[in-house]
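Close look at the chain arrangement
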Amino acid sequence: MSLREHALSLFRGAVGTVRPAPMLKRALKLQGDGCPQLLVKGQAFPVKKNLYLVGFGKAVLGMAAAAEEILGEQLTRGIINVPLGIQESLQRAGMQEMLLKPHSKIQVIEGAKNNLPDAEALKGAVAIQELAQGLTADDLLLVLISGGGSALLPAPIPPILLEEKEKLTKMLASRGAAIQELNIVRKTLSVLKGGGLAQLAHPAQVVSLILSDVIGDPLDIIASGPTAASSHSVQDCLQILTKYNLLHNLPKSVEMVLSSSPTKPTAPQSYSHVSNIILGSNTLALEEARRQAEGLGYAALVLSAAVHGEVGRVATLYCQLIQLVCLGFASLREGALSDKLRGNLLQLAAELQIPGLDLDEFLEALRGLGPDRPVCILAGGETTVQLQGTGKGGRNQELALRVGLGLHKAQATGASSPQGRCEILFLSGGTDGQDGPTEAAGAFCSPGLVAEALQEGLDVEAFLRNNDSYTFFSQFQGGRHLLVTGLTGTNVMDIQAILIRAMERS
Ligand SMILES: Nc1ncnc2c1ncn2[C@@H]1O[C@H](COP(=O)(O)OP(=O)(O)OP(=O)(O)O)[C@@H](O)[C@H]1O
Ligand SMILES: O=C(O)[C@H](O)CO
């Protein structure tokens, strides 16, 4: 099998493991007839009387379909808010298992066109709020949460209007606010976010099953943490608004809510009726890919599930890692070039501040790999692209193109480049199957990409200047290097795979 086939199969394996149905079926069970119990990853929750289900997020339709299959007659009623058009597009894609059955007890509300809160999403949020408010101590509320949940559960604190809140979050996003910052502001201005839903559902038992799309899986940031104790206060929100120069331009309604917000977050003990359980994450997907890579004969290592930062800097990190591995294959592990690469890598890692990454330790593990097995490095997270051009692309395709360029430059500058002795493949893809506003999930690249593209009259650097990675990959070799999976129905950020093996000598 080619490296490309291996990479594709690892990507599919990683995504497969965080698909809603297998994920739910692994984690959730209903047990006992007389006094039924919900078992979630081994934790038992008695179903005393009624069992309700609510959910919001891009992957929630499939999660709800699987949950309903498991809960069967025990389920009293449910409401889920999912992206506009998702039922039709899953139907068209033949993903029947992600759809609810005809006589489902779960009401589906579609909304949040283009991932922005709208009147439909608000309607769904109100329905969920009413359901939660009416619960008693004998009820159990199962909450399904995935990325995109913030836009799908808008409930601005009166007198803030939906349009005012939407405008503010849009302005924050366009000024470069990170998802953590965005969601801290959203939480402060919302009835249901920041633990609001869990508080309304009290005294019912609340069990939230979460598919994480945020680096580090922070419960109070994913979908703005509607069932998680918030560790943030109104001061944090004010600081963010100040940082993005928005404090002096706020609508009156927002000012009013901010000035009457409690200065301290709700005490964690008020969440004793709540269990938040992460079911799927980038880490889980990478672990599955690592397991499968070992099965394919690779020495496989996971770099991190929290790679973030400007796409160009992240591309440089991967290029340098690739070169270091190639030095190992060329038995040049020690020496000036190797020391230089190590130094550069440590500096880059410090600059990118990847949470939990001990690069020294990772490089030690790399050094320990023998030359006899091909190497697979896996990573995940989400890069950022500062859009400067008007082209069409996504962060994964842009990353792959930048890695291709970096490897080309390294080869061109080093006369005895160790890369020449290795076969190298890089893949970056979005686990939701859609990279930016394109029909591809990501792209593959190898060191020959730039030179081969030139033969077709395609100038990689010009495409990059225009953020036009999708157009490039669509044209280059008939689109062969695009990763096209279609919508996967799940989302745990992006995944990168680097595969390297010694070149076979002819
Ligand atoms: N022409 C482009 N080239 C590179 N990146 C782009 C381009 N246009 C948009 N993007 C990037 O695509 C991202 C938006 O796409 P997408 O919907 O896949 O991500 P998202 O909204 O973060 O959703 P999710 O987290 O669910 O994948 C943004 O990060 C944006 O910077
Ligand atoms: O919905 C959201 O807030 C983002 O997808 C992060 O979870």
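Residues numbered from 1 in each chain as written. Chains lettered and ligands numbered in written order. Predicted model: local features only at pLDDT ≥ 70, side-chain atom pairs only at ≥ 80, totals over all residues. Heavy atoms only, no water.

Moving on, we get to the site of ligand 2. Taken together, Gly147, Gly148, Gly149, Ser150, Ile179, Asn183, Arg186, Asp213, Val214, Ile222 and Ala223 make up the full set of residues near ligand 2. Measuring from an oxygen atom of ligand 2, one finds a side-chain N or O atom of Asp213 at 2.6 Å. Relative to its free-state accessible area of 230 Å², ligand 2 is covered by the protein chains to the extent of 91%. At the level of secondary structure, the elements contributing two or more residues to the shell around ligand 2 comprise helix H6 (149–152) and helix H8 (179–188). Considering only residue class, the shell around ligand 2 consists of 4 nonpolar, 5 polar and 2 charged. Residues lining the shell around ligand 2 come from more than one domain, with at least three contributed by each of domain 1 (21–155 + 191–229 + 267–280) and domain 2 (158–189 + 231–264). (Near = heavy atom within 4 Å. Polar contact = N/O pair within 3.5 Å; in protein donor to acceptor, adjacent residues only side chain to side chain. Areas by Shrake-Rupley, 256 points an atom, 1.4 Å probe, with all protein chains shown as cover. Helix = DSSP H or I, 4+ residues; strand = E, 2+ residues; numbered from the N terminus. Nonpolar A, V, L, I, M, F, W, Y, C, P; charged D, E, K, R; others polar. Domains from an automatic or database assignment.)

Turning our attention to the nonpolar core. Ranked by size, the top nonpolar core spans 64 residues in total, and within it Leu24, Leu28, Leu53, Ile80, Leu142, Leu144 and Leu209 carry the most contacts. Considering every element that reaches this core, the biggest residue donor is helix H3 (residues 60–71), with 9 residues. No fewer than three residues from each of domain 1 (21–155 + 191–229 + 267–280) and domain 3 (283–502) sit in this core. Ignoring sequence-local partners within four residues, the contact set of Leu209 consists of Leu24, Leu28, Val40, Met63, Leu142, Val143, Leu144, Ile145, Ile277 and Leu279. Core analysis: the second largest hydrophobic core is formed by 61 residues, Ala306, Val314, Phe426 and Tyr470 among them. (Core = buried A, V, L, I, M, F, W, Y, C linked by side-chain atoms within 4.5 Å. Buried < 20%, exposed > 50% of the residue type's maximum accessible area, 1.4 Å probe, protein only. Contact = heavy atoms within 4.5 Å.)

This brings us to the sheet that holds strand S5 (residues 75–83). One open sheet accounts for 6 strands, arranged S6-S5-S4-S7-S8-S9; its pairing is parallel. Since the sheet does not close on itself, it has two edges, and those belong to strand S6 (106–111) and strand S9 (274–280), each with one partner. The mean inter-strand angle of the sheet, taken between neighbouring strand axes irrespective of direction, is 15 degrees. Both strand S4 (residues 51–56) and S5 contribute to a ladder of 6 bridges, which runs parallel. When the bridges of S5 are listed, Phe56 appears paired with Asn81. (Pairing = 2+ DSSP bridges. Axes fitted to C-alpha atoms, helices over the stretch in contact; angles between N-to-C directions.)

On to the site of ligand 1. Taken together, 16 residues lie around ligand 1, and Lys58, Gly393, Gly436, Asn467 and Asn491 are the ones closest in. For ligand 1, an oxygen atom lies 2.7 Å from a polar atom in the side chain of Lys58. Interatomic distance of 3.0 Å between a backbone N/O atom of Gly393 and a nitrogen atom of ligand 1. Contact with the protein chains hides 75% of the accessible area of ligand 1, taken as 630 Å² for the molecule alone. Looking at the shell around ligand 1 residue by residue, the classes come out as 3 nonpolar, 7 polar and 6 charged.

Under the present numbering, the feature "domain: MOFRL-associated" (unreviewed entry) in UniProt falls on residues 7–258. Annotation note: span residues 7–258, helix share 41%, strand share 18%, distance between end C-alpha atoms 49 Å. (UniProt positions renumbered as here; feature names shortened; annotations may be inferred.)

What follows covers the pairing of strand S10 (residues 299–310). Look at any regular strand and the pattern is simple: side chains alternate between the two faces of the sheet. Extensive coverage of S10 is indicated by the burial of 9 of its 12 residues. Both S10 and strand S11 (residues 375–384) contribute to a ladder of 9 bridges, which runs parallel. From the neighbouring strand, His308 faces S11, where its bridge partner is Glu382.

Quick look at the pattern of salt bridges now. For the structure on display, the rule yields 19 salt bridges. Put simply, Glu88 and Arg92 hold a salt bridge, and the shortest N to O gap is 3.5 Å. In this pair, Glu88 and Arg92 both sit in helix H4 (residues 86–92), 4 residues apart, roughly one turn of the helix. The exposed category is assigned to Glu88, whose relative accessible area is 52%. Between Glu288 and Arg291 there is a salt bridge, with the nearest N and O atoms lying 2.9 Å from each other. (Salt bridge = Lys/Arg side-chain N within 4 Å of Asp/Glu carboxyl O.)

What follows covers unusual backbone geometry. The omega angle of the peptide bond from Pro158 to Pro159 is 5 degrees, so this bond is cis rather than trans. By secondary structure assignment, the location of Pro159 is in the loop between H6 and helix H7 (162–174). If you check the backbone angles, Gln353 has positive phi at about 50 degrees while not being a glycine. Among the secondary structure elements, Gln353 is positioned in the loop between helix H14 (336–352) and helix H15 (359–367). Take Gln353: its relative accessible area is 60%, and that puts it in the exposed class. In this structure, Asn467 takes a positive phi of about 45 degrees despite not being glycine. On the basis of relative accessibility, which here comes to 5%, the residue Asn467 falls in the buried class.

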